[in-house]
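The residues making up each chain are set out below.
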Amino acid sequence: NTVVLKNRGLLRQQAFVNGQWIDASNKDTYEVLNPATGAVIATVPSLSADEVELAIHGAAKAQKDWAAKTAQERSRILRRWFELMHENAEDLALLMTTEQGKPLAEARGEVAYAASFIEWFSEEARRVYGRIIPQPSNDRRLMVMKQPIGVVGAITPWNFPAAMLTRKAGPALAAGCAMVAKPAEDTPLTALALGVLAAEAGVPDGVLNIVTGKPDVVGPALMGSSIVRKVSFTGSTAVGKLLMRQAADTVKKLSLELGGNAPFIVFDDADVDAAVDGVMASKYRNTGQTCVCANRIFVQSGIYDSFTQKLAEKVSTMKVGAGTEDGVVQGPLINKAALEKVKRHVADAKAKGGRVLTGGDVHERGGSFFQPTVIADATPDMQVFVEETFGPVAPIFRFETEDEAVALANDTPFGLASYFFSRDLARIFRAAEALESGIVAVNSGVFSTEVAPFGGVKESGLGREGGQEGIEEYLETKFLCLGL
Ligand code: ADP
């Protein structure tokens, strides 16, 4: 193994089903690689559909007792899980960097962010209220109660291996649901480590299952099950659409956090230095591999040249390398396919008149490393306008008027996050209301927090995670009509 943890029990190479650590019965496994070196870190089981089915049945059984606990009992167990994540933060961060590639400082940040969802929903567990409705006639009383949906599935991506799991497991378990979670193939180890800590915290056997395996085996097993009443998915729009079709046969509830194509608008009246810092924070986080990374940067013509120059200067100083090396702020891309997409986008932008101010090519370290890149004179006919690049490439478009900027920003089927910088209060409200996205960040390049609702409109998804909305997604509403 190429990763050595202080708490050795956190590195698991088995799936977690019904409180047991299991192999696939046919011993089928796949390898988990370190994207910075290509080295094999571990192997994990490729479970069969039958084994996923076993997890689903175990969850169904465990869910009854879990839901029957008081909210306070569930809350205390979740709280302990949160504390254990902090106690094991260094190990979790190192494990995450090793399988995912992000710089250690970012991995530490993600562990804290991931734990914050468990803390928040341990608190929200105790604030699930029903209501009493004034009766239309006095021979009856009307009530609304909230109940857990039951067994839920979770399918999570590789870019936030811890936070995307806890953002689903936290509210699900708080509400009294049981979960069968499938981590991304590239990054199962962080999820399995969280399973270890959940069990240690007292989450009962079967309440949280982590099933590793091929998406086209595990996915259909979850989607086809009539026991699984809801699936929460974070990943690509293409897979989200597929899951939505598959959910039809059992009329499953869905939460979908899909792709974005985030606009980042800088108006003439903005604080230019703050806007440059905002782009740095939004665009290059996780080497450009987040669904809320600025994808299209629109800068008003009056400040276009000074803005692009300042940004390119800063970007050219970013240190690229393995996430475990000192001072590194840009890690490798997750795999070769990701690198190919970035290369394709840059080549297309150059062919259509884009001016590379810094970067623009694969990095000398080889592997899946790419140079942090800024491209000026970007235009809407380029692929970078249409599609999420998911890499460290900032294309900068020029605009003249506010209306033009908003129209360009909305000219996409996606609507997850938007950003803009302005100091004009009336413009701030106009633009915030006009932008078609679930999240608008004004004068800030970062916004994620467990206390606020995260989610998209249009083809970016359904439902919200975090905030007081987060737990609603795992509750059913029951209307009780009581005749007297
Ligand atoms: P990305 O392109 O960023 O890897 P994906 O949507 O392919 O995004 O992956 C997100 C998650 O969806 C991963 O856990 C992946 O294994 C899973 N996934 C991919 N294809 C399917 C599928 N056909 N059914 C269910 N899950 C899938």
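Owing to the predicted nature of the structure, the values given are computational and were not obtained by experimental measurement. (Residues numbered from 1 in each chain as written. Predicted model: local features only at pLDDT ≥ 70, side-chain atom pairs only at ≥ 80, totals over all residues.)

### What about the overall build of the chain?
Part 1: Of the regular secondary structure elements, the chain holds 15 helices and 22 strands.
Part 2: Here the chain has a C-alpha radius of gyration of 23 Å; the compact-globule value for 484 residues is 23 Å, and the two agree.
Part 3: For the chain, buried positions account for 52% of its 484 residues.
Part 4: Expressed as a percentage of contacts within the chain between residues at least 6 apart in sequence, the contacts between residues at least 24 apart total 72%. (Helix = DSSP H or I, 4+ residues; strand = E, 2+ residues; numbered from the N terminus. Rg over C-alpha atoms; globule rule 2.2 N^0.38 Å. Buried ≥ 20, exposed ≤ 12 C-beta atoms within 10 Å, placed from the backbone. Contact = placed C-beta atoms within 7 Å.)

### Overview of the site of the ligand
Part 1: Surveying the vicinity of the ligand reveals 13 residues, the closest of which are Pro215, Gly219, Gly235, Ser236 and Val239.
Part 2: Elements represented by at least two residues in the shell around the ligand include exactly helix 7 (215-224) and helix 8 (237-247).
Part 3: Of all the elements, helix 7 adds the most residues to the shell around the ligand, at 3 residues.
Part 4: Each residue belonging to the shell around the ligand can be placed in one class, and the counts come to 6 nonpolar, 4 polar and 3 charged. (Near = placed C-beta within 6 Å. Nonpolar A, V, L, I, M, F, W, Y, C, P; charged D, E, K, R; others polar.)

### Side note on the pairing of strand 12 (residues 262-266)
Part 1: Across the 5 residues of strand 12, 5 count as buried, placing the element largely inside the fold.
Part 2: Every second residue of strand 12 is oriented toward a common face, with Ala262, Phe264 and Val266 on one face and Pro263 and Ile265 on the other, all of them buried.
Part 3: You can see the chain leave strand 12, run along helix 9 (residues 272-283) and come back into strand 13 (residues 294-300), and the turn it takes is right-handed. (Right-handed = clockwise from strand over helix to strand, strands pointing away.)

### A closer look at the sheet that holds strand 19 (residues 439-442)
Part 1: Strand order in this open sheet of 7 strands is 14-15-16-13-12-18-19, and the pairing throughout is mixed. Both edges of this open sheet fall to strand 14 (355-358) and strand 19, since each of them pairs with a single strand only. Between one strand axis and the next, the sheet turns by 25° as a mean value, whatever way the strands run.
Part 2: The sheet contacts of helix 9 involve strand 12, strand 13, strand 16 (393-399) and strand 18 (417-421), and relative to strand 18 the element is tilted by about 160°. (Pairing = 2+ DSSP bridges. Axes fitted to C-alpha atoms, helices over the stretch in contact; angles between N-to-C directions.)

### Observations concerning the sheet that holds strand 6 (residues 140-148)
Part 1: The antiparallel open sheet is built from 3 strands, whose spatial order is 5-6-22. Here the strands that pair on one side only, and so sit at the sheet edges, are strand 5 (131-133) and strand 22 (475-483). Here the average twist between neighbouring strands, direction ignored, is 25°.
Part 2: As judged from the 9 bridges shared by strand 6 and strand 22, these two strands associate in the antiparallel manner. Paired with methionine 143 across the bridge in strand 22 is leucine 480.

### What to know about unusual backbone geometry
Part 1: Although it is not a glycine, phenylalanine 390 sits at a positive phi angle of roughly 55°.
Part 2: Inspection of the secondary structure assignment puts phenylalanine 390 in the loop between helix 12 (383-386) and strand 16.
Part 3: Even without glycine at this site, lysine 458 takes up a positive phi of about 50°.
Part 4: In this fold, lysine 458 is placed in strand 20 (residues 457-458).

### Re the UniProt feature "active site" (unreviewed entry) in the chain
Part 1: The sites that carry the UniProt feature "active site" (unreviewed entry) are, in the present numbering, Glu257.
Part 2: In this structure, glutamate 257 sits in strand 11 (residues 253-257).
Part 3: By C-beta crowding, glutamate 257 is classed as buried, having 28 other C-beta atoms within 10 Å.
Part 4: Excluding its chain neighbours within four sequence positions, the residues that come into contact with glutamate 257 are Thr234, Cys291, Gly455, Gly456, Gly461 and Glu465. (UniProt positions renumbered as here; feature names shortened; annotations may be inferred.)

### Quick notes on the packing of helix 4 (residues 104-124) against helix 5 (residues 163-175)
Part 1: Their axes nearest at 8 Å, the elements helix 4 and helix 5 cross at an angle of 10°. In terms of their interaxial angle, helix 4 and helix 5 are classed as roughly parallel. Residues Glu110, Tyr113, Ala114, Phe117, Ile118, Trp120, Phe121, Ser122 and Glu124 of helix 4 lie in contact with helix 5, whose contacting residues are Ala163, Thr166, Arg167, Gly170, Pro171 and Ala174.
Part 2: For the contact of helix 4 with helix 5, the residue count by class is 9 nonpolar, 3 polar and 3 charged. (Parallel < 35°, antiparallel > 145°, perpendicular 65-115°, else oblique.)

### Notes on the nonpolar core
Nonpolar side chains in soluble globular proteins tend to end up buried together.
Part 1: Counting 79 residues, the largest nonpolar core has Trp81, Met85, Leu173 and Met179 as the members making the most contacts within it.
Part 2: Counting 63 residues, the second-largest nonpolar core is a separate cluster that includes Ala36, Trp158, Ile265 and Phe397. (Core = buried A, V, L, I, M, F, W, Y, C linked by C-beta atoms within 7 Å.)

### Digging into the packing of helix 3 (residues 89-100) against helix 4
Part 1: Taken N-terminus to C-terminus, the directions of helix 3 and helix 4 make an angle of 125°; their axes are 8 Å apart at the nearest point. By the angle between their directions, the pair helix 3 and helix 4 is classed as oblique. Read as a crossing pair, helix 3 and helix 4 show a hand that is right-handed. Contact residues: Ala89, Leu92, Ala93, Met96 and Thr97 in helix 3; Leu104, Ala107, Arg108, Glu110 and Val111 in helix 4.
Part 2: The residue inventory of the contact of helix 3 with helix 4, partitioned by class, reads 7 nonpolar, 1 polar and 2 charged. (Left-handed = near helix turned anticlockwise from the far one by under 90°.)

### Side note on the environment of serine 116
Part 1: With respect to the helices and strands, serine 116 occurs in helix 4.
Part 2: A count of 21 C-beta atoms within 10 Å places serine 116 in the buried class.
Part 3: Counting along the chain gives 279 residues from serine 116 to proline 395, while the straight-line C-alpha distance between them is 33 Å.

### Side note on the environment of threonine 412
Part 1: Locating threonine 412 in the fold gives a position in the loop between helix 13 (402-410) and strand 17 (414-415).
Part 2: What makes threonine 412 buried here is the crowd of 22 C-beta atoms within 10 Å.
Part 3: Spatially, the C-alpha atom of threonine 412 lies 8.9 Å from that of glutamate 387, the residues being 25 residues apart in sequence.

### Quick word on the confidence of the model for the chain
Part 1: Per-chain confidence: the chain averages 97 in pLDDT, with 100% of residues scoring 70 or above.
Part 2: Summarising per-element confidence for the chain, the mean pLDDT is lowest in strand 4 (residues 40-45) (97) and highest in strand 8 (residues 178-182) (99).
Part 3: In the predicted assembly, ipTM is 0.98 and pTM is 0.97. (pLDDT = per-residue confidence, 0-100.)

### Focus on the environment of asparagine 410
Part 1: By the secondary structure assignment, asparagine 410 is in helix 13.
Part 2: Using a count of 16 C-beta atoms within 10 Å as the deciding quantity, one classes asparagine 410 as partly exposed.
Part 3: Separated by 94 residues in sequence, asparagine 410 and serine 316 have C-alpha atoms that sit 30 Å apart.
Part 4: Beyond its immediate chain neighbours, meaning those up to four positions away, asparagine 410 contacts Leu435 and Glu436.

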